[in-house]
Amino acid sequence: MNIDTGELIRLKQSQPVSGGFVPIPRELQREANKQLGDNESVIVDLSSNGPLSKWAKALRKKRRKAARESRKQNRK
């Protein structure tokens, strides 16, 4: 899933994850498969209150915090 755009794609095990896509944790795989249905790609509403959007929000927050900390370290 691309945590910035909400695009969720179905990958085969042999395909590498790239292009800003982050693998879905095992505990959210069922929800991801439910969202995908028979499609190869869907857009998840990141403003919803679902488990996938909450997970993506947490990752974005973690990334922003790391960037903020990195900038703080560079100023010293």
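For the structure, check the block above.
Okay, so let's go over this structure. (Residues numbered from 1 in each chain as written. Predicted model: local features only at pLDDT ≥ 70, side-chain atom pairs only at ≥ 80, totals over all residues. Heavy atoms only, no water.)

Quick notes on the overall build of the chain
No. 1: Across its full length, the chain holds two helices and two strands.
No. 2: Secondary structure elements of the chain occur, N-terminal to C-terminal, as β-α-β-α.
No. 3: For 76 residues, the compact-globule estimate of 2.2 N^0.38 gives 11 Å, and the C-alpha radius of gyration of the chain, at 14 Å, exceeds that figure by more than 25%.
No. 4: Summarising its shape, the C-alpha atoms of the chain cover approximately 50 × 30 × 20 Å along the three principal directions.
No. 5: Each of the 76 residues in the chain was classed as buried or not, and the buried ones make up 25%.
No. 6: At a minimum sequence separation of 6, the contacts of the chain that also span at least 24 residues come to 60%.
No. 7: When the accessible surface of the chain is summed, it comes to about 5,900 Å², and 49% of that surface belongs to carbon and sulfur atoms.
No. 8: Positive and negative charge centroids in the chain, built from 18 and 8 side chains respectively, lie 11 Å apart. (Helix = DSSP H or I, 4+ residues; strand = E, 2+ residues; numbered from the N terminus. Rg over C-alpha atoms; globule rule 2.2 N^0.38 Å. Buried < 20%, exposed > 50% of the residue type's maximum accessible area, 1.4 Å probe, protein only. Contact = heavy atoms within 4.5 Å. Areas by Shrake-Rupley, 256 points an atom, 1.4 Å probe, with all protein chains shown as cover. Lys, Arg positive; Asp, Glu negative; His and termini not counted. Charge placed at Lys NZ, Arg CZ, Asp CG, Glu CD.)

What to know about helix α1 (residues 29–36)
No. 1: Burial in α1 covers these residues: E31, A32 and L36. The arc that holds every buried residue of α1, seen down its axis, measures 135 degrees, which confines them to one face. Facing away from the buried side of α1 by over 90 degrees, the exposed positions are R30 and K34.
No. 2: Contacts made by the buried residues of α1 are with β1 (7–9), β2 (41–43) and α2 (51–75).
No. 3: Backbone geometry just downstream of α1 places G37 in the positive-phi region, at approximately 60 degrees. (Arc of directions from axis to C-beta.)

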